[in-house]
Amino acid sequence: MSRSENTELPFVSTVVLLPLLLIPAVISGFFLVYALVGLVLDGEALDRWVDEAWTVTVPTVLGQTLLCISVFFFARIKKVSWTHALSWTPVLHFVIVSLLASLVMRLVAGS
């Protein structure tokens, strides 16, 4: 292999990498707690939770989806490998937020 070939892995700064991995995890964690709270509430508290479910779910799902798309495209632009965390975590967080949104909507429809 000659020195003229570029065999270096793409560099993503830790300052950039940490927020790109941490922010979606925090949003997913918040939404997980929110959905699980809906499972344990009953009576008047559940009615209030159902009333606000749309105002929490829609912005959370849209925001997380846009963030996941942005992180995924950033990873593609930086040409990181498919096994790098920036490549597969956006897909994971999108699946998580989609499943949790369906759980919330099921709880809203069931009450």
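Every value quoted in this text rests on a predicted model; they were computed, and no experiment measured them.

The rules behind these values
Residues numbered from 1 in each chain as written. Predicted model: local features only at pLDDT ≥ 70, side-chain atom pairs only at ≥ 80, totals over all residues. Heavy atoms only, no water. Helix = DSSP H or I, 4+ residues; strand = E, 2+ residues; numbered from the N terminus. Expected span 1.5 Å × (residues − 1). Buried < 20%, exposed > 50% of the residue type's maximum accessible area, 1.4 Å probe, protein only. Contact = heavy atoms within 4.5 Å. Phe/Tyr/Trp six-rings, centres within 6.5 Å; stacked < 30°, edge-to-face > 60°. Lys NZ or Arg CZ within 6 Å of the ring centre and 35° of its normal.

Enquirer: Quick question: what am I supposed to make of helix 2 (residues 43–78) here?
Expert: Three or four residues apart is the spacing at which side chains of an α-helix point the same way, because the helix has 3.6 residues per turn. The first and last C-alpha atoms of helix 2 sit 50 Å apart over 36 residues, in line with the 52 Å expected at 1.5 Å per residue. Where helix 2 is concerned, the buried positions are Leu46, Trp49, Val50, Ala53, Val56, Thr57, Thr60, Gln64, Thr65, Cys68, Val71 and Ala75. Residues of helix 2 that are buried sit in contact with helix 1 (14–40) and helix 3 (85–110). Among the residues trailing helix 2, Lys79 stands out with phi positive, at a value near 60 degrees.

Enquirer: Sorry, what's going on with the environment of Val104 here?
Expert: Counting through the fold element by element, Val104 comes out in helix 3. Between the alpha carbons of Val104 and Thr57 there is a distance of 7.6 Å; along the sequence they are 47 residues apart. With residues up to four places along the chain from it excluded, the contact list for Val104 reads Phe31, Ala35, Trp49, Ala53 and Thr57.

Enquirer: Can you help me understand the side chain of His93 in this one?
Expert: Of note, His93 is situated in helix 3. Residues contacting His93, with those up to four places away along its chain left out, are Pro24, Ala25, Ser28, Gln64 and Cys68.

Enquirer: Looking at this structure, I do not really get the packing of aromatic side chains. What am I missing?
Expert: Two descriptors summarise a pair of aromatic rings, namely the distance from one centre to the other and the angle between the planes of the rings. Within the structure shown, the criterion is met by 5 aromatic pairs. Put simply, the rings of Phe30, Phe31, Tyr34 and Trp49 touch in pairs and so form one group of aromatic residues. Across the ring face of Trp82, the terminal group of Arg76 is positioned such that the distance to the ring centre comes to 3.7 Å.

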